[in-house]
Amino acid sequence: MTSPEHKLAEPTNTIGSHACVLLIAADADEAARVLGELGSVTEERFQVEWVTELSRGIERLRDGGVGAAVLDLNLPGSLGVETFDELFQAAPGVPILILSDPDTEAMARQVVERGAQDYLLKEQVDGYRLRRTVRTMMDRRAAEAVALENEVANATLDSIGEAVLRTDISGNVTYLNRIAEKMTGWVREEALGRPITDVLRLVDCVSGAAVDNAVATVIHGDGTATAMISFISCTLVRRDGIKLGIENRVTVVDDQAGNRIGAVVVIRDVGAARAASLETSRASQHDVLTNLPNRTLFNDRLKQAISLAERQGKQLAVLFVDLDHFKRINDSLGHTMGDNLLRSVAGRLMACVRRTDTVCRMGGDEFVILLSQVEHAEDAALTARKILRAVAAPHIIDNKSLDVNVSIGGSTYPDGAQDAESLLGQADAAMYEAKQHGRNRYEFFRSDMRRRLATRLALEGDLRYALGRNEFVLHYQPKIDLKTGLITGMEALIRWQHPERGMLLPAAFVPIAEECGLILPIGQWVLLEACRQSRAWSDSGLGVMPVAVNVSAVEFQGKDFLSGVRAVLIATGMEPQNLELELTESVLMADAESAMVTLLALKAMGVRLAIDDFGTGYSSFTYLRRFPVDTLKVDQSFVQDITADPEGKTMVDAMINIGKSLNHRVIAEGVETRSQLDFLQRHGCGEGQGYYFSHPVVADQAGSLFKADLQQGPHC
Ligand code: C2E
Ligand code: MG
Ligand code: MG
C-alpha cells in the first residue's frame, strides 16, 4: 500500500450515498486493513479516502462530501485530544470514529466525551464491526440532518401567513403547521392520521352547504394540471364552530420517482378582505343613519317572502310607519336631535318585531316593516298596536324628553295584494288614511282608500299651482258683540276655487298643505290678503275693521313666522291691534315653552291673540294663565251641545267663566239658533260667531254687512 488516496467500489446504500469515509491514519498496514474491510464487497460497501496527516485530513473535511471520518489517534506529531479537537472543529457535522491502541483507551474515551461518535480498539476491530459502526454513525447523522432540515422547513412554514396541511395518498393528515392548527382548531397530535375531511370542514359562503375540500379529487386526478391543483373560495368551519372566510389551494405531492404520495393544502384567511367587500355591499343595502335595511334590501326581502309565503300557503303583512309632525321636531329642535329621534324610533320598532321580520327606513321619517310570519290578519294589527305604544313612550335624547307618535298603514298578503309593489302601495294609502283620521293610529287597507289617496295625490299636485293661479279666496265671517249686537271683527276663512272640483273648504286641502309644507306660502298670502282687505275697508270709509287669521302649527313653529307677520304689518300699514291670530290649543301645548316665546314676541308687536276651538285640546291651566292671549273661542261642538243636553250647558258656562276669570274676551263659535244665543247672553258670553248671524261671505258682502251694521244697527 503506497498510495494514500485510495478509491474503492461505488456504495450501494442510498443514505449518505454520495458521501465518502475519510480515513486518517499514518500506519500503512493499519490503513490497508481498514480500507480493505470498509471497501469489501458486502452489502455495506463504502467509498473510502485515506490521508496520513492531520492537516490533509482537515483540508479534505473542509472540501465537503465526507460522510464520516475514521481517525487513528496515533498520528505523527499528534497530541491526542488536541488532534481530535482540531479535526472536530473543521467539520462538526461529520461523525468521527476513533481507532485506539489499548494504552491510549483512556484518551479515546475522553475524545468521545468531546464529540467523537465512538471508539474501537484496533486489536478488536473486525470487518463486520467496523462497517456496522461506520454505517450506524452515518445513518444517525443523516437522520439528524433530515430532522434538522424538517425543523427548519417547519419553522419556515410556521412563519408564513398561510395554513399548510399535508396528507398521505389516502387523504389522512400527515402534517399541519401552526397557522393550520389555529385556523382549524385542531392540534397537531390530534390531527395527525385523521382524514382531512375531519380536520378541514368547508362550507359554502352563502348557502352554508358542505363543500368538498378537493384533496381526494386532486390525488386521484388524471395528472393534468387542473386535476393537480384545485382552488376554492369558501368558509372554513373551525372545530369550535367559528367560521372563517378562506381560499383553499390543493396541490399533489409526488415522490422523486414520480409516484403520487399525497397532497398539500394551503389555506389563506380572506376574512378581512371578504369582510371589507361584505361591508361595501352592506353599505349599499343599509341606511347610514339607523343602520336598518334600506329600500333596495327591503324590496328584495319582500319579494323573497312573497314567494316563500306562496309556496307554503302562508300570509304576510307590510306596515308603513310614518312619524307624526316630524318636520316640526326637525325644524324646532334641529337636525341632530331629529336624527337621534329617528334612531331611537328605529330601535323601538326593532324591539316590536321578531328576528325574522324586516324593519327598513325608506327615507325621511318613513319606515316600513315586513312581518314575514303572520298566522292571522289580527297578528299584524297586534304588532301595529304594540308599535303605537312603544313609540309613544318618551324618547330621552340629550337629556330632553321628546314625545312623538306614528301613523301606521297596513296591508296583507294574499288577501289584500299579491305583489310587492301593490302591498307597499296599499300600506302607504292606509297610512295616509290613518293620518287623515287624526294620526297616532293604524289603519289597514280597504279598497275605498285607494280612491281617496288618488284624490289626495291629485289635490297635492294641484295645490302647488293654486297660489300662482290665484285660485284662493278669503271669506269673512263676522264676530258679534252679544250685548250690543254690533260686528266686532271679521274672521278670514280660506277657500280654494278649484278649476274642476269647485269651491273647496279648508278641511279638503289645509291638512295636505300642512303636510307638504305649502301652508307656509299659503298662510303668508292669507295674512297679507286679510290685512290688505281690512285696510281697504277702512280706506273706503267703513272705519276700522279688525280681522282674525287662522294660523296652523306648521306656520307658528316655522322660523320665519314672526318676521312674516312683521313684514305684512309694515307692507299693509295695518295697526297691529287690529290683527288677531287664532291658534289652537294643540299648537300651543305641543311645545308650550317655545310657544310662550313666540306669543310674547307677537304680543310685543301689538298683535292680538286668540285660542281657537277652545275645549277640544288639552290646555294646562298653568299655561292658560301664563299665555299672553286676549281671547278664548269656545269650540262650536260645545255651543251646539247647549241645546242638546244639560251637561253641554254646564260646560259652556264653565268655559265662559274661565275666560272671564282670566280677563279674556270669550267668543262662542258656531252659534246657529236663537236659544243658543239666549243662553250665551244670559251667561255673560261676550261675543258670538255663527250661521245665526252670518255664514262666511266674500269680502264685498262682508263689507256690506259692516256697512249695514253701521247704518242699521245691531245684528241681534
Ligand atoms: P275655525 O277657525 O274654527 O273656523 C270656524 C269654522 O266653522 C269655519 O269652517 C266656519 O265656516 C265654520 N262655522 C262658522 N259658523 C258655523 C256654524 O254656525 N255652524 C257650523 N257648523 N260651522 C260654522 P271652515 O271655513 O270650513 O274652516 C274650518 C277650519 O279651517 C277653521 O276652523 C280653521 O281652523 C281652518 N282654516 C280656515 N281658514 C284657514 C286659513 O286661512 N289658514 C289656516 N291655517 N286654517 C284655516
Ligand atoms: Mg278660527
Ligand atoms: Mg274654531
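Residues numbered from 1 in each chain as written. Chains lettered and ligands numbered in written order. Predicted model: local features only at pLDDT ≥ 70, side-chain atom pairs only at ≥ 80, totals over all residues. Heavy atoms only, no water.

Section: the pairing of strand β4 (residues 96-100)
For clarity, the cut-off: Classification of residues uses two cut-offs on accessible area relative to the type maximum, computed with a 1.4 Å probe and protein chains only: under 20% is buried, over 50% is exposed, and between them is partly exposed. Helix and strand definitions here come from DSSP, where helices need a minimum of 4 consecutive H or I residues and strands a minimum of 2 consecutive E residues; each element is numbered from the N-terminal end. Between any two strands, at least two bridges found by DSSP are needed for them to pair.
For β4, a buried count of five out of five residues is recorded, marking the element as mostly surrounded by other parts of the structure. Because side chains alternate across β4, one face comprises the buried residues Ile-96, Ile-98 and Ser-100, and the other comprises Leu-97 and Leu-99, equally buried. Judged from the four bridges that link them, strand β3 (residues 66-72) and β4 form a sheet pairing that is parallel. Residue pairing across strands places Val-70 opposite Leu-97, the latter belonging to β4. Where β4 and strand β5 (residues 118-121) come together, four bridges link them in parallel fashion. Looking across to β5, one finds that Leu-97 is bridged to Asp-118.

As for the site of ligand 1
Test applied: When at least one non-hydrogen atom of a residue lies within 4 Å of a molecule or strand, that residue is treated as near it. Polar contacts, as used here, are pairs of N or O atoms within 3.5 Å; protein pairs need one atom able to donate a hydrogen and one able to accept it. Residues neighboring in sequence count only if both atoms are side-chain atoms. Here the Shrake-Rupley method, with its probe set to 1.4 Å, supplies the accessible areas, and only the displayed protein chains count as covering residues.
Near ligand 1, the surroundings consist of 21 residues, among which Arg-495, Asn-550, Asp-612, Glu-672 and Tyr-691 are the closest. A distance of 2.9 Å separates an oxygen atom of ligand 1 from a polar side-chain atom of Glu-491. In the environment of ligand 1, an oxygen atom lies 2.8 Å from a nitrogen or oxygen atom belonging to the backbone of Tyr-691. Relative to its free-state accessible area of 790 Å², ligand 1 is covered by the protein chains to the extent of 82%. For the shell around ligand 1, the secondary-structure elements that each account for two or more residues are β21 (487-498) and β25 (608-614).

Remarks on the domain arrangement of the protein
The test is simple: An automatic or database domain assignment supplies the residue ranges for each domain.
Considered domain by domain, the protein is made up of domain 1 (20-151), domain 2 (161-281), domain 3 (287-445) and domain 4 (461-707). The C-alpha-based centres of domain 1 and domain 3 are spaced at 90 Å.

Describing the coordination of the magnesium ion (ligand 2)
Heads up, the rule is: Coordinating N, O and S atoms are those within 2.8 Å of the metal (3.2 Å for Na, K and Ca), and as water is not part of the atoms, a site may appear to have fewer donors than expected.
Around the magnesium ion (ligand 2), the protein contributes the donor atoms Glu-491 (OE), Asn-550 (OD1), Glu-582 (OE) and Asp-612 (OD), at 2.1 to 2.2 Å from the metal centre. Within one chain, the residues donating to the magnesium ion (ligand 2) are spaced in sequence as E-x58-N-x31-E-x29-D. Under the relative-accessibility criterion, Glu-491 is labelled buried at 4%. Judged by relative accessible area, which is 28%, Asn-550 ranks as partly exposed.

Thoughts on the packing of aromatic side chains
This is how it is decided: Two rings from Phe, Tyr or Trp (for Trp, the six-membered ring) form a pair when their centres sit within 6.5 Å of each other. Planes less than 30 degrees apart are called stacked, planes more than 60 degrees apart edge-to-face, and all others tilted. Whether a charge sits over a ring depends on NZ of Lys or CZ of Arg being within 6 Å of the ring centre and within 35 degrees of the ring normal.
As enumerated under the stated definition, the model contains ten aromatic pairs in all. Grouped by ring-pair contacts, the aromatic residues Phe-472, Trp-496, Phe-509 and Trp-525 constitute a single cluster. The side chain of Arg-239 reaches across the aromatic face of Trp-186, ending 3.7 Å from its centre.

Quick notes on the nonpolar core
So the rule is basically this: To qualify as a nonpolar core, a set must consist of buried Ala, Val, Leu, Ile, Met, Phe, Trp, Tyr and Cys residues joined through side-chain atoms within 4.5 Å. Here, residues are in contact when the closest pair of their heavy atoms is within 4.5 Å.
Residues Tyr-476, Phe-556, Val-565, Leu-579, Leu-581 and Leu-680 are the most contacted members of the largest nonpolar core, which totals 81 residues. Ranked by residues supplied to this core, first place goes to helix α19 (residues 519-542) with nine residues. Excluding anything up to four places from it in sequence, Val-565 contacts Leu-527, Leu-579, Leu-581, Leu-602, Met-605 and Val-607. The next biggest cluster of nonpolar side chains, apart from the first, holds 31 residues, and it includes Met-337, Leu-342, Ala-380 and Ile-397.

Observations concerning the sheet that holds strand β14 (residues 358-363)
Threshold: In this analysis an axis means a line fitted to C-alpha atoms, helices contributing only their contacting stretch, and an angle means the value between N-to-C directions, from 0 to 180 degrees.
Ordered in space as β14-β15-β13-β18-β19, the five strands form an open sheet in which the pairing is mixed. Every interior strand has two partners, whereas the edge strands, β14 and β19 (442-444), have only one. Shown here is a sheet whose adjacent strand axes are inclined to one another by a mean of 20°, direction ignored. Its contacts with the sheet place helix α14 (residues 335-352) against β13 (315-323), β14 and β15 (366-374), and it is angled at close to 10° to β15.

With respect to the sheet that holds β3
Read across the sheet, five strands follow the order β2-β1-β3-β4-β5 without closing on themselves; strand pairing throughout is parallel. Edge positions in the sheet fall to β2 (48-51) and β5, since each has one partner strand and no second. Averaged over all neighbouring strand pairs, the angle between strand axes comes to 20°, with direction disregarded. Seen against the sheet, helix α1 (residues 28-39) touches β1 (20-24), β2, β3 and β4 and runs at an angle of roughly 170° to β2. In the packing of helix α3 (residues 81-90) onto the sheet, the strands contacted are β1, β3 and β4, and the crossing angle to β4 comes to about 160°.

A short note on the layout of surface pockets
Worth spelling out the cut-off: Cavity and pocket criteria rest on a 1 Å grid covering protein atoms alone: a 1.4 Å probe that fits but cannot get out defines a cavity, protein on both sides within 12 Å along at least 5 of 7 lines defines an open pocket, and an atom within 4 Å of a point defines a lining residue. Grid points are joined across faces, edges and corners, and a volume is the space filled by probe spheres set on the points. Polar here means any residue outside two lists: the nonpolar Ala, Val, Leu, Ile, Met, Phe, Trp, Tyr, Cys and Pro, and the charged Asp, Glu, Lys and Arg; Gly therefore counts as polar.
Approximately 290 Å³ is the volume found for the second largest pocket. Leu-520, Glu-555, Gly-558, Asp-560 and Phe-561 are, among the 16 residues lining the second largest pocket, the residues nearest its centre. Every element with two or more residues in the lining of the second largest pocket is listed here: α13 (326-333), α19, α20 (553-557) and α21 (561-572). By residue number, the principal contributor to the lining of the second largest pocket is α19, which donates four residues. A breakdown of the residues in the lining of the second largest pocket according to their chemical character gives eight nonpolar, three polar and five charged.

What to know about the side chain of Thr-598
Counting through the fold element by element, Thr-598 comes out in helix α23 (residues 592-605). With sequence-adjacent residues up to four places away left out, Thr-598 is seen in contact with Phe-556, Phe-561 and Leu-562.

Examining the environment of Leu-581
By the secondary structure assignment, Leu-581 is in strand β24 (residues 579-584). Leu-581 sits 68 residues away from Lys-649 along the chain, and the two C-alpha atoms are 28 Å apart. Beyond its immediate chain neighbours, meaning those up to four positions away, Leu-581 contacts Leu-527, Val-549, Val-551, Phe-561, Val-565, Leu-602, Val-607, Arg-608, Leu-609 and Ala-610.

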